Amino acid sequence: MKEIRLKRVPGGVFVVFPKLHDIEERITLPLSSGTEKWSKLLASIKEVASASEVERLMKQGGFELNGSAVMDPTCKLDLDRPGSYEVRVGKKRFLRIIVE
């Protein structure tokens, strides 16, 4: 399962992607608040083509957090609270998002 680590920093979120050929990819996403919609977050880290794709999947029951279906496209992730989330997007895409 692909693991992505998020850490809140002033003015955004620091993202660490898994090692690919022994190189970690790190980016900082500009975010204005401590919460972010799951759809926008997944689109920002390029795990899906667009936020609207995730919102459509949510409405159809194709998005799960920790094994529970999330049907509300306005569902948000609290980036100020540490936690680990197992995410399923569609039928075959699985991620572990860790907020530090």
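Nothing here was measured: the structure is a model prediction, and the numbers come from that model. (Residues numbered from 1 in each chain as written. Predicted model: local features only at pLDDT ≥ 70, side-chain atom pairs only at ≥ 80, totals over all residues. Heavy atoms only, no water.)

### Re the pattern of salt bridges
Part 1: Counted under the stated rule, the structure contains 8 salt bridges.
Part 2: One salt bridge in this structure joins Arg8 and Asp80, with 3.3 Å as the shortest N-O distance. One end of the pair, Arg8, is in strand S1 (residues 2–9); the other, Asp80, is in the loop between strand S7 (76–78) and strand S8 (83–89), and 72 residues separate them in sequence.
Part 3: The salt bridge partner of Asp78 is Arg81, with a shortest N-O separation of 3.9 Å.
Part 4: On the basis of relative accessibility, which here comes to 54%, the residue Arg81 falls in the exposed class.
Part 5: By sharing partners, the salt bridges in this structure join Glu3, Arg5 and Glu100 into a single network. (Salt bridge = Lys/Arg side-chain N within 4 Å of Asp/Glu carboxyl O. Helix = DSSP H or I, 4+ residues; strand = E, 2+ residues; numbered from the N terminus. Buried < 20%, exposed > 50% of the residue type's maximum accessible area, 1.4 Å probe, protein only.)

### Focus on the packing of aromatic side chains
Part 1: Tallied over the entire structure, the rule returns 2 aromatic pairs.
Part 2: With a centroid separation of 6.1 Å and 55° between ring planes, the pair formed by Trp38 and Phe63 is classed as tilted. Linking Trp38 in helix H1 (residues 38–44) with Phe63 in strand S5 (residues 63–65), this pair joins segments that are 25 residues apart in sequence.
Part 3: Residue class for Phe63 comes out buried when judged on its relative accessible area of 0%.
Part 4: Each member of the aromatic cluster is reached from another via a ring pair, and the members are Trp38, Phe63 and Tyr85. (Phe/Tyr/Trp six-rings, centres within 6.5 Å; stacked < 30°, edge-to-face > 60°.)

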